[in-house]
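What follows is the residue order along each chain.
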Amino acid sequence: MTVIAFLGLGNMGLPMAKNLMAAGFDVRGFDVAAAARERAAAAGIRLGAEIADTVREAQFVITMLPAGPQVREAYLSPGGILDNAADGVLLVDCSTIDVETAREVHAEARSRGFAMLDAPVSGGVAGAEAATLTFMVGGEEEALKRAEPVLARMGRAVIHAGPAGTGQAAKICNNLMLGIQMISVCEAFALAERLGLAADRLFAIASRSSGQCWSLTHYCPVPGPVPSAPSNRGYRPGFTASMMLKDLRLAQEAAARVGAVTPLGAEACQLYALYSALGHGGTDFSGIFEMIAGKANKL
Ligand code: NAD
């Protein structure tokens, strides 16, 4: 049976690992947090005591960690993944991190003879649970071919972005669009309210006009038009404002490094920083509507 080591069993990692287990893989899990380990054990995942014993027998190592520093530590630190993985293992990092760290870890993995992919995801916790994630993959095509049967059990789209680091670049660029679009939709609904235009009417019209976008039609920040959207459950996430802020900051850092001009991204980043400073970091990112409409309380 194919052994998969899964490191990082948080909101995303645990349901992804559960889907691999349900697909018949022998999943060995590891997380540094006791609470995450307990949840994983309750879900029937066999846990390692440390990274070394978790990865030693694996043919695939998948990581789903918070950010670049944790990815660097898990792969590169003494006793980490590269020190302990078996020859021929394929390493897949699904975390959302900066492009530079992704490329550095990939280069170090290659220099030690390992194939590695950066494969961040879109689709959130609901997508992780339903195995409908989109994987945006950077790295060698041959490695991607090997990873595809595994990734396909956790998602429904696996798309090659290009060489190492471009999966992360795709994720950062996608969420730059998403953050800006969400704010544009919020501004339009806040203006409509003051102009005496009902939210459901603006939705009916804009969703069939040129203002149409995912933030409007799938995730409308105003309660009512899209029943499944977090706006109908008090902005319970979903995708938190602090996650959006993290991704917008990654975009700003990347833009500064390469000299790209992203003025609306900078503005969106500041607005999400302000919303988080008001205490709403744990609120769904569409909740920023309340701040833009002048209705947000400081938590
Ligand atoms: P999370 O904080 O719930 O889970 C991360 C887990 O990694 C935690 O349980 C933590 O204890 C563990 N961890 C940290 N350092 C570790 C280490 N060295 N070894 C093993 N485990 C370690 O975060 P999440 O929501 O699952 O997100 C994970 C990644 O996926 C992030 O990069 C995030 O940006 C990205 N992402 C999240 C969403 C979402 O909706 N939550 C959507 C798309 C992408």
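The shown structure was predicted, so the numbers you read here are calculated from the model rather than taken from an experiment.

J.: An account of the overall build of the protein chain is requested, with residue identities and associated values reported.
T.: Within the protein chain, the regular secondary structure consists of 14 helices and nine strands. Its C-alpha radius of gyration of 20 Å places the protein chain within 12% of the 19 Å reference for a compact globule of 299 residues. The dimensions of the protein chain, computed from C-alpha atoms along their principal axes, are 65 × 45 × 35 Å. Of all 299 residues assigned to the protein chain, the portion counted as buried reaches 50%. Within the protein chain, contacts between residues at least 6 apart in sequence are counted, and of these 63% link residues at least 24 apart. Accessible surface computed for the protein chain: about 13,600 Å², of which carbon and sulfur atoms make up 55%. Computed over 25 positive and 28 negative side-chain charges, the inter-centroid distance for the protein chain is 6 Å.

J.: Go over the packing of aromatic side chains with me, naming the residues and quoting the values.
T.: On inspection of all chains with the given rule, the structure shows four aromatic pairs. Considering the side-chain rings of Trp214 and Tyr219, the 4.9 Å spacing of their centres and the 25 degrees angle between planes classify their relative orientation as stacked. Since its relative accessible area comes to 11%, Tyr219 is described here as buried. When the centroid spacing of 5.3 Å and the interplanar angle of 35 degrees are considered together, the rings of Tyr219 and Phe285 count as tilted. Taken together, the residues span a long stretch of sequence, with Tyr219 in the loop between α11 (214-217) and α12 (241-258) and Phe285 in the loop between α13 (263-280) and α14 (288-292) at a distance of 66 residues.

J.: How would you explain a nonpolar patch on the surface if you had to name every residue and give the values?
T.: There is a patch of nonpolar side chains on the surface, built from Leu191, Leu195 and Leu197 and spanning about 300 Å² of accessible area. By secondary structure assignment, the location of Leu191 is in helix α9 (residues 166-194).

J.: Kindly report on the nonpolar core, identifying the contributing residues and their values.
T.: Counting residues in each nonpolar core, the largest one holds 39 residues, and the members touching the most others are Phe189, Tyr272, Phe285, Ile288 and Phe289. With 10 residues, α9 is the largest single contributor of residues to this core.

J.: Describe the environment of Gly29, listing the residues and the values that go with them.
T.: Inspection of the secondary structure assignment puts Gly29 in strand β2 (residues 26-30). Using a relative accessible area of 0% as the deciding quantity, one classes Gly29 as buried. Separated by 151 residues in sequence, Gly29 and Ile180 have C-alpha atoms that sit 36 Å apart. Not counting residues within four places of it along the chain, the set of residues in contact with Gly29 comprises Phe6, Leu9, Ile45, Arg46, Leu47, Gly48 and Thr54.

J.: Any details on the packing of α9 against α12? Residues and values, ideally.
T.: At a minimum axis distance of 9 Å, the contact between α9 and α12 shows a crossing angle of 115 degrees. Handedness of the crossing formed by α9 with α12: left-handed. Along the contact surface, α9 presents Lys171, Ile172, Asn175, Leu176, Leu178 and Gly179, while α12 presents Met244, Asp247, Leu248, Leu250 and Ala251. Per-class residue counts for the contact of α9 with α12 are seven nonpolar, two polar and two charged.

J.: An account of the environment of Thr283 is requested, with residue identities and associated values reported.
T.: Along the chain, the position of Thr283 falls in the loop between α13 and α14. Judged by its relative accessible area of 14%, Thr283 is buried. Put simply, Thr283 and Leu47 are 236 residues apart on the chain and 31 Å apart in space, counted from C-alpha to C-alpha. With sequence-adjacent residues up to four places away left out, Thr283 is seen in contact with Tyr235, Phe239, Thr240, Ala241, Tyr275 and Leu299.

J.: Would you mind going over the pairing of strand β5 (residues 90-93) in detail, with residue names and values included?
T.: Here β5 shows no split at all, with Leu90 and Val92 on one side and Leu91 and Asp93 on the other all buried. Here four bridges tie strand β4 (residues 60-63) to β5, and the two strands are oriented parallel to one another. By the bridge assignment, Phe60 is partnered in β5 with Leu90. In the sheet, β5 pairs with strand β6 (residues 115-118) via four bridges, with the strands oriented parallel. Each bridged residue has a counterpart across the sheet, and for Asp93 the counterpart in β6 is Asp118. Considered for its hand, the β-α-β crossover made up of β5, helix α6 (residues 99-111) and β6 is right-handed.

Parameters and conventions
Residues numbered from 1 in each chain as written. Predicted model: local features only at pLDDT ≥ 70, side-chain atom pairs only at ≥ 80, totals over all residues. Heavy atoms only, no water. Helix = DSSP H or I, 4+ residues; strand = E, 2+ residues; numbered from the N terminus. Rg over C-alpha atoms; globule rule 2.2 N^0.38 Å. Buried < 20%, exposed > 50% of the residue type's maximum accessible area, 1.4 Å probe, protein only. Contact = heavy atoms within 4.5 Å. Areas by Shrake-Rupley, 256 points an atom, 1.4 Å probe, with all protein chains shown as cover. Lys, Arg positive; Asp, Glu negative; His and termini not counted. Charge placed at Lys NZ, Arg CZ, Asp CG, Glu CD. Phe/Tyr/Trp six-rings, centres within 6.5 Å; stacked < 30°, edge-to-face > 60°. Patch = residues over 30% accessible without salt bridge, like charges linked within 9 Å, V, L, I, M, F, W, Y side chains within 5 Å. Salt bridge = Lys/Arg side-chain N within 4 Å of Asp/Glu carboxyl O. Core = buried A, V, L, I, M, F, W, Y, C linked by side-chain atoms within 4.5 Å. Axes fitted to C-alpha atoms, helices over the stretch in contact; angles between N-to-C directions. Left-handed = near helix turned anticlockwise from the far one by under 90°. Nonpolar A, V, L, I, M, F, W, Y, C, P; charged D, E, K, R; others polar. Pairing = 2+ DSSP bridges. Right-handed = clockwise from strand over helix to strand, strands pointing away.

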